[in-house]
Amino acid sequence: MEEEDDSNEVSTRALYDDIVFDYAAIKSNIFKKWIEEPTFWNVLGNVNGKNVLDLACGSGYYTRTIKQRGAASVHGIDQSSEMIALGQTTEKNDPVGVTYSSDDAGDYSGPNVDIVTAQYLLNYAKSYEQLLGMCKSASRPTAERFISVASTARDWNPQRPDIIPFVKSYDKCGIYLEWEGSFSDGKETSITLLSEDRQSRVSFSNYLWTCETIERALLESGFRSVHWVASDSWLVGEGAPSWLHIGLKEVQQCSVQFFVACK
């Protein structure tokens, strides 16, 4: 087997160190604010008294909110030292009882927990080996379940490579995907997100794996089942723009997917 190339880890860390402030602004992206968050909280469910590990936690937005929702403890890890520094500064200024460390989510062996969460972690796997490593990090011996949001290639079929089963760009939500050449499983894709007021933007690379490949890695890493949340059960947050309710079916065709992997 060829030696694993760690260039992806370095480049991803550098990427988020560079865009940290733009990343904070993108929290107001329409999809993230009005669909991703309410749907994720609904899927996560009750965390009262649970010990939670938040992989690829960024600056800790979800990490802190999980703790505020009743978790006994929450530890967030991210390979970007700048993101972790932001999280630690926020915790120092407004403590809620979370902890952080700068670690690689693709090779993490910290304390056991009850629940593992991750926002857009698996789409940074440059190879199947890296994808499997991330899934193994989530497969803690005592973890009941792993809840995650990921950009995916949905059910793209190599037998019909020209048929793309998701919307590449959705202007109203400020989401744009681009790639070079033919599509493939694990395809490197440039994603651009706009804030709700369209005054800030950020672009970064993701690797879009099919749901089938992601599920294979999860099962191989020790999970017994994987439940993909049907897009017609996604929630729209209270106070969302009225057009989002009307145009939800188109939004549901984007590359983002929610899943729960259970032991």
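Our structure is the block above this text.
Cut-offs and rules
Residues numbered from 1 in each chain as written. Predicted model: local features only at pLDDT ≥ 70, side-chain atom pairs only at ≥ 80, totals over all residues. Heavy atoms only, no water. Helix = DSSP H or I, 4+ residues; strand = E, 2+ residues; numbered from the N terminus. Rg over C-alpha atoms; globule rule 2.2 N^0.38 Å. Buried < 20%, exposed > 50% of the residue type's maximum accessible area, 1.4 Å probe, protein only. Contact = heavy atoms within 4.5 Å. Lys, Arg positive; Asp, Glu negative; His and termini not counted. Charge placed at Lys NZ, Arg CZ, Asp CG, Glu CD. Axes fitted to C-alpha atoms, helices over the stretch in contact; angles between N-to-C directions. Parallel < 35°, antiparallel > 145°, perpendicular 65-115°, else oblique. Left-handed = near helix turned anticlockwise from the far one by under 90°. Nonpolar A, V, L, I, M, F, W, Y, C, P; charged D, E, K, R; others polar. 1 Å grid on protein atoms, 1.4 Å probe; cavity = no way out; pocket = protein on both sides within 12 Å on 5 of 7 lines; lining within 4 Å. Points joined across faces, edges and corners; volume = space filled by probe spheres on them. Core = buried A, V, L, I, M, F, W, Y, C linked by side-chain atoms within 4.5 Å.

Novice: Residues and numbers for the overall build of the chain, please.
Specialist: Across its full length, the chain carries nine helices and 11 strands. Computed over the C-alpha atoms, the radius of gyration of the chain is 17 Å, within 12% of the 18 Å expected from 2.2 N^0.38 for a compact globule of 263 residues. For the chain, the C-alpha atoms occupy an extent of roughly 50 × 45 × 35 Å along the three principal directions. Out of the 263 residues belonging to the chain, those deemed buried represent 53%. The long-range share in the chain, meaning contacts at least 24 apart out of those at least 6 apart in sequence, stands at 70%. Averaging the positions of the 24 positive and the 37 negative side-chain charges in the chain gives two centres separated by 6 Å.

Novice: Lay out the packing of helix H3 (residues 30–44) against helix H4 (residues 61–68) in plain terms, naming residues and giving numbers.
Specialist: Two quantities define a packed helix pair, namely the angle between the helix axes and the distance between the axes. The N-to-C vectors of H3 and H4 enclose an angle of 45°; their axes lie 13 Å apart at closest approach. Taken together, the axis directions place H3 and H4 in an arrangement best described as oblique. Regarding H3 and H4, the two cross each other, and that crossing is right-handed. Judged by residue contacts, Lys32, Glu36, Glu37, Phe40, Trp41 and Leu44 of H3 engage Tyr61, Tyr62, Thr65 and Ile66 from H4.

Novice: Please provide a residue-by-residue account of the packing of helix H6 (residues 128–138) against helix H7 (residues 211–220), values included.
Specialist: Two numbers describe how H6 lies on H7: the axes approach to 8 Å, and their chain directions differ by 50°. Considering the angle they form, H6 stands oblique to H7. The handedness of the crossing between H6 and H7 is right-handed. Of H7, the residues touching H6 (which contributes Tyr128, Leu131, Leu132 and Cys135) are Thr213, Ile214, Arg216, Ala217, Leu218 and Glu220. Taken together, the residues of the contact of H6 with H7 sort by class into seven nonpolar, one polar and two charged.

Novice: An account of empty space enclosed by the protein is requested, with residue identities and associated values reported.
Specialist: Counted by the stated rule, this structure contains one cavity of 30 Å³ or more. Looking at the largest cavity, its volume works out to about 50 Å³. Every residue lining the largest cavity is listed: Val167, Lys168, Ser169, Tyr170, Ile175, Leu177, Cys254 and Ser255. Those elements giving two or more residues to the lining of the largest cavity turn out to be strand S6 (169–170) and strand S7 (175–178).

Novice: Quick one: what's the story with the nonpolar core, residue by residue and with numbers?
Specialist: Residues Leu55, Phe146, Leu218 and Phe259 are the most contacted members of the largest nonpolar core, which totals 78 residues. The greatest single-element share of this core, amounting to eight residues, is contributed by H3. Ignoring any residue separated from it by four or fewer positions in sequence, one finds phenylalanine 146 in contact with Val116, Thr117, Ala118, Ala138, Leu218, Phe223, Phe259, Val260 and Ala261.

All quantities given are derived from atomic positions and should not be read as evidence of function.
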